[in-house]
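Structural characterization, general
Read off the chains here:
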Amino acid sequence: MVQLIRLRLTQDYDFDIIIIGGGHAGVEAALAAARMGCRSALMTMDAGKLALMSCNPAIGGVGKSHIVKEIDALGGIMGKAADYSGIQFRRLNLSRGPAVWSTRVQCDRRDYNQFICDTINATPEITVIEALAGAFLVENNKIVGIADESGEKYSCHSVIVCTGTFLGGLIHIGNTQTPAGRFKEEAAYRLSESLDSLGFELGRLKTGTPPRLDGSTIDFGVCEVQPGDTPIPFFSPDRQATERQQVSCYLTYTTAETKRLVTENMTTSAMFSGEINSTGPRYCPSIEDKFFRFAHKDSHQIFLEPEGNGTDDIYPNGFSTSLPEEIQLQAMRTVTGLERVEFRRPGYAVEYDYCPAYQIKQTLETKRVENLYFAGQINGTSGYEEAAGQGLMAAVNAVLKLRGEESFILDRSQAYIGVMLDDLVTRSTTEPYRMFTSRAEHRLALREDNAQDRLFAVAGKHGLVSSGHIGRLERLQDETQTEMARLEKTRVSVAELGELKKRFPRKENLSLADLLRMPGLGLTDIEQFDSGRNGVSTPAKERAAIRIRYAGYIAKQDREIARFKSMESQAIPGSLDYSELRGLKNEAREKFSRFRPSSLGQAGRIEGITSGDIAVLAVALKRWKSVTS
Ligand SMILES: Cc1cc2nc3c(=O)[nH]c(=O)nc-3n(C[C@H](O)[C@H](O)[C@H](O)COP(=O)(O)OP(=O)(O)OC[C@H]3O[C@@H](n4cnc5c(N)ncnc54)[C@H](O)[C@@H]3O)c2cc1C
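Read on for a plain summary of the structure.

About the cut-offs
Residues numbered from 1 in each chain as written. Predicted model: local features only at pLDDT ≥ 70, side-chain atom pairs only at ≥ 80, totals over all residues. Helix = DSSP H or I, 4+ residues; strand = E, 2+ residues; numbered from the N terminus. Rg over C-alpha atoms; globule rule 2.2 N^0.38 Å. Buried ≥ 20, exposed ≤ 12 C-beta atoms within 10 Å, placed from the backbone. Contact = placed C-beta atoms within 7 Å. Core = buried A, V, L, I, M, F, W, Y, C linked by C-beta atoms within 7 Å. Domains from an automatic or database assignment. Pairing = 2+ DSSP bridges. Near = placed C-beta within 6 Å. Nonpolar A, V, L, I, M, F, W, Y, C, P; charged D, E, K, R; others polar.

Considerations on the overall build of the chain
Each helix and strand in the chain was counted, giving 19 helices and 22 strands. Here the C-alpha atoms of the chain give a radius of gyration of 26 Å, agreeing with the 25 Å that 2.2 N^0.38 yields for 629 residues. Principal axes of the C-alpha set define a box for the chain whose edges measure 80 × 75 × 50 Å. Relative to its full complement of 629 residues, the chain shows a buried share of 46%. Intrachain contacts of the chain at a sequence separation of at least 6 include 73% that bridge at least 24 residues.

Comments concerning the nonpolar core
Ile18, Ala29, Ala33, Val159 and Ile160 are the most contacted members of the largest nonpolar core, which totals 127 residues. For this core, the leading source of residues is helix α9 (residues 384–403), giving 10 residues. Among the domains, domain 1 (212–349) and domain 3 (570–628) are the pair contributing at least three residues each to this core. If we skip the residues at most four places from it in the chain, Ala33 touches Ile17, Cys38, Ser40, Ala395, Ala398 and Val399. The next biggest cluster of nonpolar side chains, apart from the first, holds 21 residues, and it includes Cys223, Ile287, Ile314 and Val341.

Quick word on the pairing of strand β7 (residues 133–139)
As judged from the six bridges shared by β7 and strand β8 (residues 142–148), these two strands associate in the antiparallel manner. Looking at the pairing, Ala133 lines up with Asp148 of β8.

Some points on the site of the ligand
Close to the ligand lie 37 residues, the nearest being Gly21, Gly23, Gly164, Gly376 and Gly383. When contributions to the shell around the ligand are tallied by element, the ones reaching two or more residues are α1 (24–35), β2 (40–44), β12 (203–209) and α9. Looking at the shell around the ligand residue by residue, the class counts come to 15 nonpolar, 18 polar and four charged.

What follows is the structure, given as structure tokens:
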């Protein structure tokens, strides 16, 4: 039975926690703190724009969907909001192994935002303050409050900064520059100055977005249709159905004329004219980048994605650009099906300040100022899901610290969120960080289907999910076990196998589990032999099949995880003075001092650190421990 522990720390303070920024990180932070009984203020520029999708209205995709499932397992809102507002649900990568199966949900942009606003407004622990945060109030290297730009002061125990692309935001369209965090939204300059005055290192990154199109001016008839999937793959086990109408997306292509126009006008693009020097996301290139970097390719895919049920706004995924608006329109009209297209608004690039993440701990607390946390784009990441995962973790750790309890760290074998936070604190992010399944070395253990199993115990321990949720999950686990046992027990005679018989030289009868282990056979192939499957839920069936089929690989991965854990368990004390350690190379000494790894395992993942450096550190650590104990 999980009990929400009501925390009333505020006393002389206005709030326990102030969260700056109501984007994807900020709303998960406020809601996680509320689930833990903590009273927070969500200070944001526009209370009607909570968790607004700055770019495409889609949640999930390869790598990112694993984070959404984990957020959901930790009681977060992202998956629920996507399930509620979803207008197209798809499962990606099904032709590959289950480790990389991923869910992607195209959402109704307005309904997603409304769902979040309604949830926040219905949460009594959260006070939304519509204001522009301007300065951190710090005493003795500890945060004590926030001043907004009008000079109003608010006191608190902790602050979580979730300011997205707004710090020093500068929008570029051709050679026109406008101070803004997002299209037609103010930028936050004072807060950057406040970070700078506290001694934080700031860097510049950039990202871009395509124009939005008027769907009534598009000829969808010449495009390839991409329907959604059935049964609908929801993110959250709490949702079983939707009444919303599912829509199709469309695929089209750029033409030789698009290439000519973009290439000829390359120097007018903000990204190529020298106006922008900062680094953008390599994996999400602008159309200018695509024709420049892949000059041998004559055509690129463009996905036409509806922005909602009640609107004909279309998001042309793949056509991010900062060309002058008139060139954008000319180029867009050379794409198949878009010959008569009209814009609802132009594409643009935005440059913004971020704080390289060596300045935070794995709890997301800054090393420089106590009880000050950073989450989301400010840490150099890109993406709604990455931001939301950080917001949630920052809030849990902020609350735990206020309660005087141990921090909440997910390691690389437990969650993609753990992989992301470990990557952030062991690498100097010089380009926007986004999640890929390839970043997780234990990815067979970190599947979408087992996110709840991996995290429900810790979620329950911290009061992040209700006892009802845990009960439902325990029942699903039991059902999965029963189903696995049934599949092992249920025999199929060789005679029954028909055509399949040729593939199995064995004479004796087989179990359904044996069939599942055969290469090329899946759940649908065995259904014809399985009269007893009725009544078993789809999630239990799928989970049982994956566990049976990949049991050998999973066991191998478990052994690797045991080795990983043994390195992680060799903790390095935070007070260790690397300048005192003999035998370390200067480069390793400088990196260890900068990143301050928490374990020997983490030290080994710091960029440029060799196994030789780790051997020296291990010996030095042993010596240091014997001297200090
Ligand atoms: C033009 C554009 C294109 C993008 N393209 C992509 C893409 O292709 N792929 C991708 O993965 N991601 C993309 N992103 C990034 C994605 O939008 C962000 O990664 C994600 O929204 C970050 O979440 P966040 O919570 O950190 O910040 P945001 O969602 O940006 O939210 C920040 C919030 O903080 C508020 N705020 C900021 N400063 C203050 C202040 N001083 N006081 C009060 N409130 C403040 C803002 O009003 C806003 O509500 C793009 C973003 C933009 C702007």
